[in-house]
Amino acid sequence: MEVSIRRLRAEDIEQVKEIEREAFAPLFMGNSLKRDLNNRYARYLVACQPEIENSESFASSAEALQEEVGAPSDASLWGRMVGGVKGIFAREPEVDTGPENIAGYVGLWFQGNEAHITEIAVREKLRGNGIGELLLIGSVRVAIEQGSTVLTLEARVSNFIAQRLYEKYGFQEAGIRKNYYSDNREDAVIMTTSPIHTPGYQERFNSLQEAFLNRWGEINIEI
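If you're wondering where the values come from, they're calculated on a predicted model, not measured in any experiment.

This part takes up the overall build of the chain. Along the backbone of the chain there are six helices and seven strands. Ordering the α and β elements of the chain from the N terminus gives β-α-α-β-α-β-β-α-β-α-β-β-α. A buried classification covers 53% of the 223 residues belonging to the chain. Within the chain, contacts between residues at least 6 apart in sequence are counted, and of these 75% link residues at least 24 apart. Summing over all exposed atoms, the chain offers an accessible surface of approximately 10100 Å²; the carbon and sulfur share of this is 48%.

Shown next as structure tokens:
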């Protein structure tokens, strides 16, 4: 799997918006990513793949884990900060952004001792290749680097696949946001980790990274 994780750059923004529209329509709001590039309270990571002619070689296998993604419920700053995890809907018309070398992205906001995953998305045709999990690993590394105590996120209550992935990385249900998603009034489950700097969590995280490496062959993350 030739995918690496790095920080968002200005030249990535159009591709990220394309992925965001694909993943979050009709709740797509259009993030002000250019403004957030230099926001010290935010961090966006992108998953990059080599520019190859046949990106279908990255197509997901039927047995692989299918990462889904959810969406923020409104356009306010708080809506973006607590925006969430994940349902796939119809795709809006695309603009020509050149080669599709951005496979997915994740956004984080920092508030106090908390790192909040606002949104995480992978191109639909590339799901099932561990890219969503790699973005999650990058998110945990960023939170540790920033000195955050815990990570939090929201997921649709019906999105059991996403919840299982988050539970794998130590997220546990902490509450419910009623009628959170404006498209169908679905509730959101609030999920949070235990303290990520404890020896117990660090041991678990290191073990998960090793398992990911054994399955997918590499972990290339620059945060």
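It is worth spelling out unusual backbone geometry at this point. In this model, Asn179 sits at a positive phi of 50°, which is unusual for a non-glycine residue. When you line up the elements, Asn179 lands in strand E6 (residues 171-181). Phi at Arg185 is positive, roughly 60°, even though this residue is not glycine.

Inspection of the secondary structure assignment puts Glu114 in strand E4 (residues 114-122). Those residues in contact with Glu114 that sit more than four places away from it in its chain are Trp109, Ser148, Val150 and Thr152. Polar side-chain contacts of Glu114 include one of 3.1 Å to the side chain of Thr152.

The next thing to look at is the packing of aromatic side chains. In the structure shown here, the tally under the stated rule is five aromatic pairs. Taken together, a centroid distance of 6.4 Å and an interplanar angle of 70° make the contact between Tyr169 and Phe205 edge-to-face. On the criterion of sequence distance, the pair formed by Tyr169 in the loop between helix H5 (160-168) and E6 and Phe205 in helix H6 (residues 199-216) is long-range, its members being 36 residues apart. Note on Tyr180 and Tyr181: the rings are 5.0 Å apart at their centroids and 90° apart in plane angle, and the pair reads as edge-to-face. Tyr180 sits in the buried class, given a relative accessible area of 10%. A connected cluster of aromatic rings, assembled from ring pairs, spans Tyr169, Tyr201 and Phe205. In this structure, Arg156 is placed above the aromatic ring of Tyr181, and the distance from its NZ or CZ to the ring centre is 4.1 Å.

Once that is clear, we can look at the pairing of strand E3 (residues 102-111). Among the ten residues that make up E3, nine are buried, leaving the element largely enclosed by the rest of the structure. Pairing between strand E2 (residues 42-48) and E3: seven bridges, direction antiparallel. In the strand pairing of E3, Val46 is matched with Tyr105. When E3 meets E4, the two strands line up antiparallel, connected through eight bridges. Bridging from a neighbouring strand, Tyr105 pairs with Ala121 of E4.

Quick look at the sheet that holds strand E7 (residues 186-193) now. A sheet is described by the order of its strands in space; here seven strands give the open sequence E1-E2-E3-E4-E5-E7-E6, paired in mixed fashion. Because the sheet does not close on itself, it has two edges, and the strands there are strand E1 (4-7) and E6. Ignoring strand direction, the axes of neighbouring strands in this sheet form an average angle of 25°. Its contacts with the sheet put H5 on E4, strand E5 (150-156), E6 and E7, and the angle it makes with E7 is roughly 10°.

Once that is clear, we can look at the side chain of Asp12. The topology assignment puts Asp12 in the loop between E1 and helix H1 (13-24). Classification of Asp12 as buried rests on a relative accessible area of 3%. Excluding its chain neighbours within four sequence positions, the residues that come into contact with Asp12 are Arg6, Arg7, Val46 and Ile102.

Definitions and limits used
- Residues numbered from 1 in each chain as written.
- Predicted model: local features only at pLDDT ≥ 70, side-chain atom pairs only at ≥ 80, totals over all residues.
- Heavy atoms only, no water.
- Helix = DSSP H or I, 4+ residues; strand = E, 2+ residues; numbered from the N terminus.
- Buried < 20%, exposed > 50% of the residue type's maximum accessible area, 1.4 Å probe, protein only.
- Contact = heavy atoms within 4.5 Å.
- Areas by Shrake-Rupley, 256 points an atom, 1.4 Å probe, with all protein chains shown as cover.
- Polar contact = N/O pair within 3.5 Å; in protein donor to acceptor, adjacent residues only side chain to side chain.
- Phe/Tyr/Trp six-rings, centres within 6.5 Å; stacked < 30°, edge-to-face > 60°.
- Lys NZ or Arg CZ within 6 Å of the ring centre and 35° of its normal.
- Pairing = 2+ DSSP bridges.
- Axes fitted to C-alpha atoms, helices over the stretch in contact; angles between N-to-C directions.

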